[in-house]
Number of protein chains: 2
Amino acid sequence: MEAPLPEPEPLKALIESLRRLPGVGVRSARRMAYHLLQHDQPGAEQLSRALSSALRDLRHCARCNGFTEEEICATCSNPKRDPSILCIVETPADQNMIESSHGYRGLYYVLMGRLAPLEGIGPDELRFDRLLKRVDDGLVKEVILATNFTAEGETTAHYLSELLQSRGIAVSRLARGVPAGSELEYVDAGTIAWALMERRST
Amino acid sequence: MEAPLPEPEPLKALIESLRRLPGVGVRSARRMAYHLLQHDQPGAEQLSRALSSALRDLRHCARCNGFTEEEICATCSNPKRDPSILCIVETPADQNMIESSHGYRGLYYVLMGRLAPLEGIGPDELRFDRLLKRVDDGLVKEVILATNFTAEGETTAHYLSELLQSRGIAVSRLARGVPAGSELEYVDAGTIAWALMERRST
Ligand SMILES: [Zn+2]
Ligand SMILES: [Zn+2]
């Protein structure tokens, strides 16, 4: 819906910026803008500040590629975690889901995406060179592929499996307890714990 | 879902700020944050800037109470609009819906809310004194009540009707062509045009 009334420029700009958020259409964007301006100006200020501070202060962990304020994130620097197993996930949300299953005490690598040739996302875009460097630290004995069980996640797992096995690394994939076609983020923690235990070599 | 992994502070703050948006739960907030940081940093910057500029530059129109950068908004200063009819709406979104029906050429007043005694929103909170001052400009002959057809919108319309009629102003309400219990923003423009034509005195 195009607003037929002349909207002031800052309001228009705010609505357009909110529309860029995933899952937000023009109607929700407009509601959000009105809500912030009319009922939650402190919330608007807080969001503005949170965005710029996140952009300024967050970077990718040199080891796992997840978001962190430090050179190395808290998970990667935790001496209690087993450095011989590396679990590869697509996103930090997937990492959180694995972690919440309480079935895993190894380390992680976050791809921040998946192979999607149609969108022009290949091994270079996902920086597989960084992943290989990470895997070659002399401590990693096994890699668990925990990409999503979608077409693209499976492709990514298959590609990584070949790549890593050719370098003599043991590779496993989460067991197919995870319902096919689903995204890890939406699977319950119990199923994930089970899939971790039942993981099979590829 | 509480993230079981230690999340860096700026990421946590960003997720919490996004959660304050209407209709956004913790899971969507996390997705939005990851999306902005990983795939749309320009979008994040743009949103941050849009929020602070909207907070800085927008104010309420001295005549209609809508959002504007000027003292008086473009709609209120438009000499082609009929100053003898004033349409009272709850929000700018409702105003847009009325406007998109192309059935109205008068002016508007935006309440920026509705009477909601349970939430502590009464005539004082909605600044009905400003509304009365606006109506007393010597030009307004008729007020059209276009609050929502919800319980609170009806209460607001009823209250305003008594208040305005006691001051000798002709008051009408949108015809009940608008489905009862619904919000104007979600009604099609044709129904609204019809309801405007069929409006009845209260
Ligand atoms: Zn890390
Ligand atoms: Zn105005």
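This structure is a prediction, so every number in the text was calculated from the model and none was measured.

Draft legend 1. Layout of the interface of chain B and chain A. In this assembly, 64 residues from chain B lie in contact with 64 residues from chain A. When chain B packs against chain A, close to 5,800 Å² is buried across both sides, 69% of that on carbon and sulfur atoms. Broken down residue by residue, the surface that chain B buries against chain A is led by Leu5, Arg20 and Leu55 of chain B, which jointly contribute 12%. The interface formed by chain B and chain A contains two salt bridges. Where Asp40 of chain B meets Arg20 of chain A, a salt bridge forms, and the shortest distance between an N and an O atom there is 2.7 Å. Those elements that provide at least two residues to the side of chain B that touches chain A are helix H1 (9-19), helix H2 (26-39), helix H3 (41-57), strand S2 (67-68) and helix H4 (92-100) of chain B.

Draft legend 2. Local environment of the packing of aromatic side chains. In total, this model carries six aromatic pairs over all chains according to the counting rule given. For the ring pair Tyr34 of chain A and Phe67 of chain B, a centre distance of 6.2 Å and an interplane angle of 15° mean the geometry is stacked. Here Tyr34 of chain A is found in helix H2 (residues 26-39), whereas its partner Phe67 of chain B is found in strand S2 on a different chain. Comparing Tyr34 of chain A with Phe67 of chain B shows no difference in burial state: the two are buried. Plain terms: the ring middles of Tyr104 of chain A and Tyr108 of chain A are 5.2 Å apart, the flat faces sit at 65° to each other, and that makes the pair edge-to-face. We classify Tyr104 of chain A as buried; its relative accessible area is 5%. Under the relative-accessibility criterion, Tyr108 of chain A is labelled buried at 1%. Above the face of the Phe149 of chain A ring, Arg173 of chain A is positioned so that its terminal group lies 4.0 Å from the ring centre.

Conventions adopted
Residues numbered from 1 in each chain as written. Chains lettered and ligands numbered in written order. Predicted model: local features only at pLDDT ≥ 70, side-chain atom pairs only at ≥ 80, totals over all residues. Heavy atoms only, no water. Contact = heavy atoms within 4.5 Å. Buried area = accessible area lost by both parts, 1.4 Å probe. Salt bridge = Lys/Arg side-chain N within 4 Å of Asp/Glu carboxyl O. Helix = DSSP H or I, 4+ residues; strand = E, 2+ residues; numbered from the N terminus. Phe/Tyr/Trp six-rings, centres within 6.5 Å; stacked < 30°, edge-to-face > 60°. Buried < 20%, exposed > 50% of the residue type's maximum accessible area, 1.4 Å probe, protein only. Lys NZ or Arg CZ within 6 Å of the ring centre and 35° of its normal.

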